[in-house]
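# Examining the three-dimensional arrangement
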Amino acid sequence: METPTLHVSTHPAVAHKLGILRDETTEPKKFREVVRELSWLLGYEALADARLRPIKVRTPLETMDGHELGDRIGLVPILRAGLGMVDAMLELMPTAQVWHLGLFRDERTLRPVEYYNKLPTSASVDLCLILDPMLATGGSATAAIEVLKRWGAVQPVRIKLVNLIAAPEGVAAVSKAHPDVEIYTAALDRQLNDKGYIMPGLGDAGDRQFGTGSEG
Ligand code: PRP
Ligand code: URA
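Residues numbered from 1 in each chain as written. Chains lettered and ligands numbered in written order. Predicted model: local features only at pLDDT ≥ 70, side-chain atom pairs only at ≥ 80, totals over all residues. Heavy atoms only, no water.

## A word on the site of ligand 2
This is how the line gets drawn: Distances are taken per atom, and a residue is near a molecule or strand as soon as one of its heavy atoms is within 4 Å of it. Each polar contact in these results corresponds to two N or O atoms within 3.5 Å; when the atoms are within protein, one needs to be able to donate a hydrogen and the other to accept it, and residues that are neighboring in sequence are counted only if both atoms are side-chain atoms. Areas reported as accessible are Shrake-Rupley estimates using a 1.4 Å probe. Residue values count occlusion only from the protein chains shown.
Near ligand 2 the following residues occur: Arg105, Met134, Ala136, Gly196, Tyr197, Ile198, Gly203, Asp204 and Ala205. Ile198 places a polar main-chain atom, nitrogen or oxygen, 2.8 Å from an oxygen atom of ligand 2. Gly203 has a polar backbone atom sitting 2.8 Å from a nitrogen atom of ligand 2. Protein burial of ligand 2: of its 230 Å² of free accessible surface, 87% is covered by the chains.

This is how it looks when you write it as structure tokens:
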């Protein structure tokens, strides 16, 4: 089924780096490096329709009409795995605020459990980017979007989800519950396995970044 809110990157550099990320022999140091590089590339794509504000720029030769990013942006990394995406996004959007949201997936029920929330008291941005490398069942992403909407991130505030790998099940769940949220991903994989892992995927994104184990 066609999902108009889904954007799967077609850039060769993204495909190349994704191959390194998926490779089971890629060590945590390299894995973190590639998460960062992919985040930069996906952030670039997710910002393609960001609003600009006109400014005057003085070059060494003359003054010209230039631009700066006009949208006020909030980055919402989902702990833990989303942490690895923050630095690259801040390079792209240096004035963005970062609001950490702690969610882990209960291994038995696969339902998200919230354990940390560092949202400010009021929603004072135009665009929220939720950062999480993996969109599996969609439970964590849906919970994060609901937290943001309850908090006040409703139209005209836009919410975008930035993932590195998405499963069709997760895309379907998010787009059904939140058809206003656009999803940017480097890849749309085949399916989930019976433990809720994305196939072929890359295993556990948090464990692979932080060297805490492996699962599949
Ligand atoms: C992973 C991943 C997502 C979630 C995706 O986090 O980073 O947050 O699972 O699964 P879902 O779409 O089925 O909810 P995890 O719960 O393993 O926590 P971690 O980042 O601390 O490792
Ligand atoms: N979380 C991960 O880190 N990997 C998956 O494949 C699914 C959920």
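So much for the structure itself; the text now carries on.
## What to know about the pairing of strand S11 (residues 182-188)
Inclusion rule: Under the scheme applied here, a residue whose accessible area is under 20% of the maximum for its type counts as buried, over 50% as exposed, and between as partly exposed, the area being computed with a 1.4 Å probe on protein chains only. Each helix is a run of DSSP H or I of at least 4 residues and each strand a run of E of at least 2, with the numbering of both proceeding from the N terminus. Pairing between strands is defined by DSSP: at least two bridges between them are needed. Handedness is read with the strands pointing away from the viewer; a crossover is right-handed when the path from the first strand over the helix to the second is clockwise.
Counted residue by residue, S11 has five buried out of seven residues, so it is predominantly covered. As paired strands, strand S1 (residues 6-8) and S11 are joined by three bridges and run parallel to one another. Counted as the bridge partner of Val8 is Thr185 from S11. Examined bridge by bridge, strand S10 (residues 158-166) and S11 share six bridges and lie parallel to one another. What sits directly across from Leu161, in S11, is Ile183. Handedness of the crossover joining S10 and S11 through helix H5 (residues 168-177) is recorded here as right-handed.

## Section: the pattern of salt bridges
Operational definition: For this analysis, a salt bridge means a side-chain nitrogen from Lys or Arg found within 4 Å of a carboxyl oxygen belonging to Asp or Glu.
Across all of its chains, the model carries 14 salt bridges by this definition. We note a salt bridge from Glu68 to Arg53, for which the minimum N-O separation is 3.1 Å. With Glu68 in strand S3 (residues 63-69) and Arg53 in strand S2 (residues 52-58), this residue pair connects regions lying 15 residues apart in the sequence. Each of Asp49, Arg51, Asp71, Arg158 and Lys160 takes part in one network of salt bridges that share partners.

## Thoughts on the nonpolar core
Quick reminder of the rule: We call a set of buried residues a nonpolar core when its members are Ala, Val, Leu, Ile, Met, Phe, Trp, Tyr or Cys and they connect through side-chain atoms within 4.5 Å of each other. By definition, residues are in contact when any of their heavy atoms lie within 4.5 Å.
Core analysis: the biggest nonpolar cluster contains 36 residues, and Leu21, Ile73, Leu75, Met93, Leu129, Leu131 and Val162 have the highest contact counts within it. Of all the secondary-structure elements, those providing two or more residues to this core are helix H1 (12-22), helix H2 (28-46), strand S4 (73-79), helix H3 (86-92), strand S8 (127-131), S10 and S11. Once you skip the residues sitting within four places of it in the chain, Leu75 turns out to touch Met89, Leu90, Met93, Ala96, Gln97, Val98, Trp99, Leu129 and Leu131. Among the nonpolar cores identified, the runner-up in size contains 27 residues, and Ala141, Ala144, Ala153 and Val174 belong to it.

## A closer look at the environment of Met93
Turning to its location among the elements, Met93 is positioned in the loop between H3 and strand S5 (97-98). Classification of Met93 as buried rests on a relative accessible area of 1%. Spatially, the C-alpha atoms of Met93 and Leu47 are 9.3 Å apart, while their sequence positions differ by 46 residues.

## Re the site of ligand 1
The following threshold applies: Classes in brief: Ala, Val, Leu, Ile, Met, Phe, Trp, Tyr, Cys and Pro nonpolar; Asp, Glu, Lys and Arg charged; the others, Gly included, polar.
Near ligand 1, the surroundings consist of 15 residues, among which Arg105, Asp132, Thr137, Gly138 and Ser140 are the closest. Within the side chain of Arg80, an N or O atom sits 3.0 Å from an oxygen atom of ligand 1. Within the backbone of Ala136, one N or O atom sits 2.9 Å away from an oxygen atom of ligand 1. At the level of secondary structure, the elements contributing two or more residues to the shell around ligand 1 comprise strand S6 (101-105), strand S9 (134-135) and helix H4 (139-151). Among the residues forming the shell around ligand 1, the class breakdown is six nonpolar, five polar and four charged.

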